[in-house]
Amino acid sequence: MNAGAYNFIVSATLLIPLLAGLAAAWLVNYLADVLPETLRLSRPVCANPDCRQPFGWGDYLLLRRCRSCGRRRGGRALAVIVFLAALSVYLWLDPPARLGYGFALLLLSYLALVTLIDLEHRLILRPVSVAGLLICTAAGLLLHGWQSTLAGFAAGFGLMMLFYLVGLLFNRLRARRLGQEAGEAEEAFGSGDVTLGALLGLLLGWPLIWAAILLGLLLYGVISLAIILVLLLLQRYRERAWRTFVPLGPGFILIAFLMIYFPSVIAALLPK
Ligand SMILES: [Zn+2]
């Protein structure tokens, strides 16, 4: 076979992960749109609160704007498509050891879905947690065996529960100082983060979950500090600086994502 024909065949097989990545992205966008609203596989509706007209499936698939109010679909749908299509091709060319291409793409799509729902709604939904229990247990067993998976689960759940309880206490004290009801102030640690800790514990296993939580908290601290500093510097947002809420979940998921898919990045961050 000559080089031209060979190159053509290699390029043509890349259509497989490209299409699989597009399909995964479409599914992630769809689930992130409908699950927080209806908790079932309903027809997606326009995001404009004054419109809420259902999308035709063809319009939805092609990211067309709403036919009733003309609202665009927004950058998130496109960002998910670019991210998952690119990583799908990357995983196809260099599949992670033990997971294999198909499962690696499934896990990645799941992590993307949890991140989107956490960022947009600050929620971890029950059906999404149940699916995560299955996917993260299977991934944990493949990656590091049952003892490490079980110990990771206990550590992830236990540590996040501890932080959650400390957060509740801190919140109550702060609310008393500000003269609010404890329920009014937003919690840094939500009960969803405890679920997330358990899921990432299964996925990463012991002792990696320990490093992930430390790095996640560090990342959280750096991002929160940066946001508060920027708000303090911008005169007109100064009032808001101390009330800004940064969700924890996405930072932890980002660390877990890097640990599984780009371990060399994490190795460079950790002390030798
Ligand atoms: Zn509309």
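Residues numbered from 1 in each chain as written. Predicted model: local features only at pLDDT ≥ 70, side-chain atom pairs only at ≥ 80, totals over all residues. Heavy atoms only, no water.

**Topic: the overall build of the protein chain**
At step 1: In terms of regular secondary structure, the protein chain is built from 11 helices and zero strands.
At step 2: Taken from the N to the C terminus, the helices and strands of the protein chain come in the order α-α-α-α-α-α-α-α-α-α-α.
At step 3: Considered along the principal axes of its C-alpha atoms, the protein chain spans approximately 75 × 55 × 40 Å.
At step 4: Put simply, the protein chain has 272 residues, and 40% of those count as buried.
At step 5: A fraction of 67% describes how many contacts in the protein chain between residues 6 or more apart in sequence connect residues 24 or more apart.
At step 6: Only carbon and sulfur atoms are counted for the fraction: they give 68% of the accessible area of the protein chain, which is about 15800 Å².
At step 7: Once the 22 positive and 13 negative side-chain charges of the protein chain are each reduced to a mean point, those two points are 4 Å apart. (Helix = DSSP H or I, 4+ residues; strand = E, 2+ residues; numbered from the N terminus. Buried < 20%, exposed > 50% of the residue type's maximum accessible area, 1.4 Å probe, protein only. Contact = heavy atoms within 4.5 Å. Areas by Shrake-Rupley, 256 points an atom, 1.4 Å probe, with all protein chains shown as cover. Lys, Arg positive; Asp, Glu negative; His and termini not counted. Charge placed at Lys NZ, Arg CZ, Asp CG, Glu CD.)

**Some points on the pattern of salt bridges**
At step 1: Enumeration according to the criterion identifies six salt bridges in this entry.
At step 2: Here Asp33 makes a salt bridge to Arg76, at a shortest N to O gap of 2.8 Å. With Asp33 in helix 2 (residues 15-38) and Arg76 in helix 4 (residues 75-93), the pair connects residues that are 43 residues apart, well separated along the chain.
At step 3: Among the salt bridges present, the one from Arg67 reaches Asp59, with a minimum N-O distance of 2.4 Å. (Salt bridge = Lys/Arg side-chain N within 4 Å of Asp/Glu carboxyl O.)

**Considering the coordination of the zinc ion**
Tetrahedral coordination by four donors places them ideally at 109.5 degrees to one another around the metal; octahedral coordination by six donors ideally gives 90 or 180 degrees.
At step 1: Note on the zinc ion: its protein donors are Cys46 (SG), Cys51 (SG), Cys66 (SG) and Cys69 (SG). The metal-donor distances range over 2.3 Å.
At step 2: Around the zinc ion, the four donor atoms sit at angles spanning 103 to 112 degrees, and that spread fits a shape best called tetrahedral.
At step 3: Here the donor residues of the zinc ion are spaced in sequence according to C-x4-C-x14-C-x2-C. Residue Cys46 is located in the loop between helix 2 and helix 3 (57-61), and its partner Cys66 is located in the loop between helix 3 and helix 4; the two are separated by 20 residues in the primary sequence. Like Cys66, Cys46 is buried. (Donors = N, O, S within 2.8 Å, 3.2 Å for Na, K, Ca; no water. Tetrahedral: all angles 85-135°; square planar, octahedral: opposite > 155°, others 65-115°.)

**Quick word on the packing of aromatic side chains**
At step 1: Evaluation of the coordinates by the stated rule reveals 12 aromatic pairs.
At step 2: Between the aromatic rings of Phe83 and Phe257, the centroid separation amounts to 5.9 Å while the plane-to-plane angle is 50 degrees, which identifies the pairing as tilted. Note that Phe83 is positioned in helix 4 and Phe257 in helix 10 (residues 249-261), a separation of 174 residues in sequence.
At step 3: Here Phe83 falls in the partly exposed class, since its relative accessible area comes to 36%.
At step 4: The exposure class of Phe257 is buried, given its relative accessible area of 11%.
At step 5: Ring geometry for Phe257 against Tyr261: centres 5.5 Å apart, planes inclined by 35 degrees, an arrangement best described as tilted. Highlighted residues: Phe257 and Tyr261, both in helix 10, separated by four residues, approximately one helical turn.
At step 6: These aromatic residues form a ring-pair network of at least three members: Trp26, Tyr30, Phe55, Trp57 and Tyr60.
At step 7: Note that Arg73 overlies the ring of Phe55, its terminal NZ or CZ placed 5.5 Å from the centroid. (Phe/Tyr/Trp six-rings, centres within 6.5 Å; stacked < 30°, edge-to-face > 60°. Lys NZ or Arg CZ within 6 Å of the ring centre and 35° of its normal.)

**Quick look at a nonpolar patch on the surface**
At step 1: Taken together, the side chains of Leu15, Leu18, Leu19 and Leu22 make up a nonpolar region of the molecular surface, amounting to roughly 350 Å² of accessible area.
At step 2: The exposure class of Leu19 is exposed, given its relative accessible area of 54%. (Patch = residues over 30% accessible without salt bridge, like charges linked within 9 Å, V, L, I, M, F, W, Y side chains within 5 Å.)

**So, the environment of Leu93**
At step 1: Relative to the helices and strands, Leu93 resides in helix 4.
At step 2: Residue class for Leu93 comes out exposed when judged on its relative accessible area of 58%.
At step 3: Measuring from C-alpha to C-alpha, the distance between Leu93 and Pro17 comes to 9.1 Å, with 76 residues separating the pair along the chain.

**Looking at the environment of Gly145**
At step 1: Considering the arrangement of structural elements, one finds Gly145 in helix 6 (residues 126-178).
At step 2: With relative accessibility at 26%, the residue Gly145 sits in the partly exposed group.
At step 3: Measuring from C-alpha to C-alpha, the distance between Gly145 and Gly205 comes to 8.6 Å, with 60 residues separating the pair along the chain.

**Here we look at helix 10**
At step 1: If you check helix 10, its first and last C-alpha atoms are 18 Å apart, about what 13 residues at 1.5 Å a residue would give, namely 18 Å.
At step 2: The buried fraction of helix 10 is high, at 12 of 13 residues.
At step 3: Every buried residue of helix 10 is accounted for by Gly249, Pro250, Gly251, Phe252, Ile253, Ile255, Ala256, Phe257, Leu258, Met259, Ile260 and Tyr261. (Expected span 1.5 Å × (residues − 1).)

**Details of unusual backbone geometry**
At step 1: Pro207 follows Trp206 through a cis peptide bond whose omega is 5 degrees.
At step 2: By secondary structure assignment, the location of Pro207 is in the loop between helix 7 (191-204) and helix 8 (208-233).
At step 3: Backbone geometry places Arg122, a non-glycine residue, at a positive phi of 55 degrees.
At step 4: Inspection of the secondary structure assignment puts Arg122 in the loop between helix 5 (100-121) and helix 6.
At step 5: In this structure Arg122 comes out as partly exposed when scored by relative accessible area, which is 43%.

Read these as layout, nothing more, since geometry by itself doesn't imply function.
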